[in-house]
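The primary structure of each chain is shown beneath.
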Amino acid sequence: MNKLCRQVSIESPGPIIKDCVFSFEVPVPDVPSKGARIRVVCAGACYRMRTRSTSTSSMSSIEEAGYSPAHHGVRDGALFPGYEVAGVIDALGADAAASEFKIGSRVVLYPYDGIPHGYAEYIVVPSLDFLVHVPDSLPLGVAAMLPTGALLAKNAVLSAHKYVLKLFEEKAADHVVRILIVGTGGLALWALRIAQHHFKAPEYIDRVKITVATLKDEGLMRTAAELKRVNIVQWNEDLYEKQLIERTKNACNGLVDIVIDFGTTSRSLHRSLQCLNAGGVVLVSEEVADRLLPKFSRLIHQTNQKIEAVANGSIEQLKELVKYVAEGAIIPPPHTEFSADEASKVVEKLCHSQIPGRAILRFHDIQ
């Protein structure tokens, strides 16, 4: 095709935050024969830690916590290149026309290896196997939150479920399995809501107890009030480490059996281990596992504890998420939508933690 479309490029912020966002025109991509071209409607503005080389393994706590060395105390806004994408099918390849998908179908993309840059008006996928239908009842702005944060949270909860069943077999019938979710913002909110939905069956009601440890509220207090059976403990960094550990154990009524830790620092993981029973497990994302696990291998060997890496999740899990969120069985965390033209403002606000909930970039004003 000879037509052009807009693409937004978001780089890691330097000394001048507003200079990290660029908008330019690129050719509208041709449609793969077995795939589809997607008209991007919404893309999640999500920031993740960049992969770090071994030469930076002794980074400062500021860098490790996700803060830019160029801005002391300012969050590093380095973003995934649009891996959370929801939109409509603009065109189908010649060998894909007979599929269940049609032109105009509302879809969300599974974040497969090699997924294209989603901060563009149009992207292509090589196979329809990477697409998930989005029901009309689910806003595309909400659907765009599901492929990474929500999907990782779901897989973490499912990983925790395996250990819950194992403890049910090994422990007495009156043993209460205690789960601690650690994190700030969307990941912890998703994990909390998904865990509540997952463990709602009668056999879990009185035998699985969930506590959330958070550095900031970000809607967790309100969520806990809504869900009722959840404890909240604030990890106020002004307190001594021993005080925080005791505060957490008090909130959990003792040591916990399972920790889902979405923190990115050694300090967070070390604190989680101090709140964990001997023989317990801490679940962390694959994103930070390679960096953090070597630091704790000796400690967990001594305490008979385990740290397990959790992958992002499968496309089947994404389909389940779409279904449950569309039905209202899982209530999504809050989000704020911005025009793609406001990308610079969004990055600046993200760097200063000024956006409550998730930030979503909208490229087309359609539903």
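Reading guide: rules and limits
- Residues numbered from 1 in each chain as written.
- Predicted model: local features only at pLDDT ≥ 70, side-chain atom pairs only at ≥ 80, totals over all residues.
- Heavy atoms only, no water.
- Core = buried A, V, L, I, M, F, W, Y, C linked by side-chain atoms within 4.5 Å.
- Buried < 20%, exposed > 50% of the residue type's maximum accessible area, 1.4 Å probe, protein only.
- Helix = DSSP H or I, 4+ residues; strand = E, 2+ residues; numbered from the N terminus.
- Contact = heavy atoms within 4.5 Å.
- Pairing = 2+ DSSP bridges.
- Axes fitted to C-alpha atoms, helices over the stretch in contact; angles between N-to-C directions.
- Expected span 1.5 Å × (residues − 1).
- Arc of directions from axis to C-beta.
- Parallel < 35°, antiparallel > 145°, perpendicular 65-115°, else oblique.
- Nonpolar A, V, L, I, M, F, W, Y, C, P; charged D, E, K, R; others polar.

Looking up the chain in an unreviewed UniProt entry gives the name Enoyl reductase (ER) domain-containing protein, with the organism given as Dendroctonus ponderosae.

Concerning the nonpolar core
Judged by nonpolar contacts, the single largest core of 84 residues is most densely connected at Leu-131, Leu-138, Val-164, Ile-179, Trp-190, Ile-258 and Ile-260. With 12 residues, the single largest contributor to this core is helix H3 (residues 146–170). Sequence-distant contacts of Ile-260, defined by excluding residues within four places in its chain, comprise Ala-156, Val-157, Ala-160, Ile-179, Leu-180, Ile-181, Val-182 and Leu-283. Residues Leu-180, Val-233, Ile-245 and Cys-252 belong to the second largest nonpolar core, which totals 23 residues.

Points about the sheet that holds strand E12 (residues 276–285)
With respect to topology, 6 strands assemble into an open sheet ordered E10-E9-E8-E11-E12-E13, the strand pairing being parallel. Two strands lie at the open edges of the sheet, namely strand E10 (230–234) and strand E13 (306–310), each paired on one side alone. With direction set aside, neighbouring strand axes in the sheet form an average angle of 20°. With 4 bridges connecting them, strand E11 (residues 256–261) and E12 associate as parallel partners. Looking at E12, one finds that Val-256 is bridged to Leu-276. Seen against the sheet, helix H7 (residues 241–252) touches strand E8 (177–182), strand E9 (208–214), E10 and E11 and runs at an angle of roughly 170° to E10. Against the sheet, helix H9 (residues 286–303) contacts E12 and E13, and its axis sits at roughly 170° relative to E12.

Examining the environment of Asn-277
With respect to the helices and strands, the residue Asn-277 is situated in strand E12. Not counting residues within four places of it along the chain, the set of residues in contact with Asn-277 comprises Leu-255, Val-256, Asp-257 and Gln-305.

Some details on H7
End to end, H7 covers 17 Å across 12 residues, agreeing with the expected 16 Å (1.5 Å per residue, within 8%). All of the buried residues in H7 are Leu-244, Ile-245, Thr-248, Ala-251 and Cys-252. Taken around the axis of H7, the buried residues stretch over an arc of 125°, which confines them to a single face. Every exposed residue of H7 that faces more than 90 degrees away from the buried side is listed here: Lys-242 and Asn-250. Where H7 is buried, its residues meet E8, E9, E10, E11 and helix H8 (266–274). Residue Asn-253 follows H7 closely and has a positive phi angle near 60°.

Some words on helix H11 (residues 343–351)
Regarding H11, the residues found buried are Ala-343, Val-346, Val-347, Leu-350 and Cys-351. Taken end-on, H11 shows its buried residues confined to a sector of 135°, consistent with a single buried face. A positive phi of about 55° marks Ser-353, the residue just after H11.

A short note on the packing of H3 against helix H10 (residues 315–327)
Between H3 and H10, the least distance of the axes is 10 Å, while the angle of their chain directions is 100°. Here H3 is positioned roughly perpendicular relative to H10, judged by the angle of their axes. Seen from H3, the contacting residues are Leu-146, Pro-147, Ala-150, Leu-151, Lys-154, Asn-155 and Leu-158; seen from H10, they are Gln-317, Leu-318, Glu-320, Leu-321, Val-322, Tyr-324 and Val-325. Of the residues contributing to the contact of H3 with H10, the split by class is 10 nonpolar, 2 polar and 2 charged.

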